[in-house]
Amino acid sequence: MTLGIVVVYMAVLLGVSWLAALFQRGKSSEAFLLADKQLPWPLVGVMIAGLAIGGASTIGVAENAYESGLSAGWYNVAWALGPILVGFFLAARVRMTNQKTVSQMLGSVFGPSFELLAAGVQVVINTVIIALQIIAGGAILSVILPNVFTETTGIIFSAVMFAAVAVMGGLLAAGLSNVVNMLVIYLGVVLGVVYLLHVNGGAAGLQALLPAGISGDGSHWFSFVKGMPAAVIIAWCVTMTLQCLPNTGIMQNFIAARTPADARRGAFFGAAIMIPCGFLSAIFGIACRAHFPDLANTAAALPTMVMTLPPILSGLLLAGLWAADISTATGLLVGVSTICTEDVIFKYLVSDKNRRHRLVITRLVVLLVVLVATLAALRLSGILSTIMVALALYAPYTILLTALYLFPGALRRSSGWLTFLFGAVALVVVQWVQPAWRLFDQAIYSVLLFSLLGFCLALLDRRPVATENLYVNKEVE
């Protein structure tokens, strides 16, 4: 029964992707990567939410909730803060840009060398995150369908499905499949939580099965403010807010929006979709701690609880968990492909303007990114901790992009390099060279502080930058 539900779900996703491919037949690579800049705000919002609700926001949250309780769900709130702030201040301006990627936005001001640097950093960060989604997909399949998948074959199969959706229909396929994904995710998670609370006598019944834990009296399990250290939650909020603006997966949806108003509304809609899923996923981690107190791999907390559910519900939840991975991975795959093709391949390596050839190359890049991410997936562990380190390097770009759109007069020719180099050196020193030198427990604070220091130092440079090529026109809704 479980396998049958998953197979049906896979068929639906492939069908949606095929329809998107038919709709775009004969169109350019820009239609594949940016959906002809015609995404309405609901699809913009669903795409943004899909990027957020992945392995980290479900399996990773349940992993933390296994020890820390309901407060682990604040990870999704932290994720939502970025789109909310960008929606208020920047989404409409981003839609009016004359560029296709974050790297091009920065390159239009700081030059082609900095554009290549920004492209390289984003490709590395997003490939790491794609690899983590592949890991989560493999964990789901191997735990819940052990007779069908091992962890390795689950990883490979997940990667194949991610690639199939992205390769067939590009951004439009990712958007349409994410509509299905969000429905399946919430249906599965909500019904699963209702069932777990029902069979365990509600929150009070689960509480009676739980140990005292880190709070000493068990009060943290169903508390929104106990459990996860406040410093960690604040670090999540800072990191996830800072990563939103330079995140090519998010920005690409603003650029692809039908109008600036669609970009702004989509940001708010996406944030609203993200938040509940985190706290719902945390309940699975809490329930797993109650019934499996000696779980060897806490990253399997959510999939382990799914195994205890009735077949129909477990199959739906498996589809929902897998949907969470697909929704994140497909959007990121299209985003990374956009960076590789528009910022590097079509600019420096391939001058062929043939529409068909460009589309073939774009799809081949998607496959290459999947291959690299799959190889990396076999070596990475610690879903949330790995993401937090990777995303810390977005801090310099957030500073630069905020200044670019809101305070362009503060930019100098050396702002880009100084801001990035100060932030990158800080991350390397505190994370890998000598952790004892950390000024703060969380790497993001050191990276942000030193990036700001580099930005301020650049103010001594008297050479201004030109921003006239940034916008299609100066009118912003």
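Residues numbered from 1 in each chain as written. Predicted model: local features only at pLDDT ≥ 70, side-chain atom pairs only at ≥ 80, totals over all residues. Heavy atoms only, no water.

Caption draft 1: The overall build of the protein chain, seen in detail. Scanning the protein chain from N- to C-terminus turns up 20 helices and 0 strands. Out of the 477 residues belonging to the protein chain, those deemed buried represent 59%. Roughly 17900 Å² of accessible area belongs to the protein chain as shown, and the carbon and sulfur atoms make up 68% of that amount. (Helix = DSSP H or I, 4+ residues; strand = E, 2+ residues; numbered from the N terminus. Buried < 20%, exposed > 50% of the residue type's maximum accessible area, 1.4 Å probe, protein only. Areas by Shrake-Rupley, 256 points an atom, 1.4 Å probe, with all protein chains shown as cover.)

Caption draft 2: Spatial organisation of the packing of aromatic side chains. Enumeration over the complete set of coordinates arrives at 11 aromatic pairs. Judged by centre distance (5.1 Å) and plane angle (70°), the ring pair of Phe 224 and Phe 279 falls under edge-to-face. Taken as a pair, Phe 224 in the loop between α10 (202–209) and α11 (230–244) and Phe 279 in helix α13 (residues 260–291) lie far apart in primary sequence, 55 residues in all. Note on Phe 279: relative accessible area 13%, which makes it buried. Ring geometry for Tyr 397 against Phe 420: centres 5.6 Å apart, planes inclined by 35°, an arrangement best described as tilted. Here Tyr 397, found in helix α18 (residues 395–406), pairs with Phe 420, found in helix α19 (residues 415–433); they are 23 residues apart in sequence, far enough to count as distant. In this structure Tyr 397 comes out as buried when scored by relative accessible area, which is 2%. (Phe/Tyr/Trp six-rings, centres within 6.5 Å; stacked < 30°, edge-to-face > 60°.)

Caption draft 3: Quick peek at the environment of Ala 282. Structurally, Ala 282 is set in helix α13. Residue Ala 282 is classed as buried on the basis of its relative accessible area, which comes to 0%. Separated by 212 residues in the primary sequence, Ala 282 and Leu 70 have C-alpha atoms spaced 5.3 Å apart. Among all residues touching Ala 282, those that are not within four sequence positions of it are Val 61, Ala 65, Gly 69, Leu 70 and Gly 73. (Contact = heavy atoms within 4.5 Å.)

Caption draft 4: Structural view of the pattern of salt bridges. Across all of its chains, the model carries 5 salt bridges by this definition. A salt bridge links Arg 258 to Asp 262; the shortest N-O distance between them is 3.5 Å. For Asp 262, a relative accessible area of 5% corresponds to the buried category. Salt-bridge contacts for Arg 463 lead to Asp 461; the nearest nitrogen and oxygen are separated by 3.0 Å. Judged by its relative accessible area of 43%, Arg 463 is partly exposed. (Salt bridge = Lys/Arg side-chain N within 4 Å of Asp/Glu carboxyl O.)

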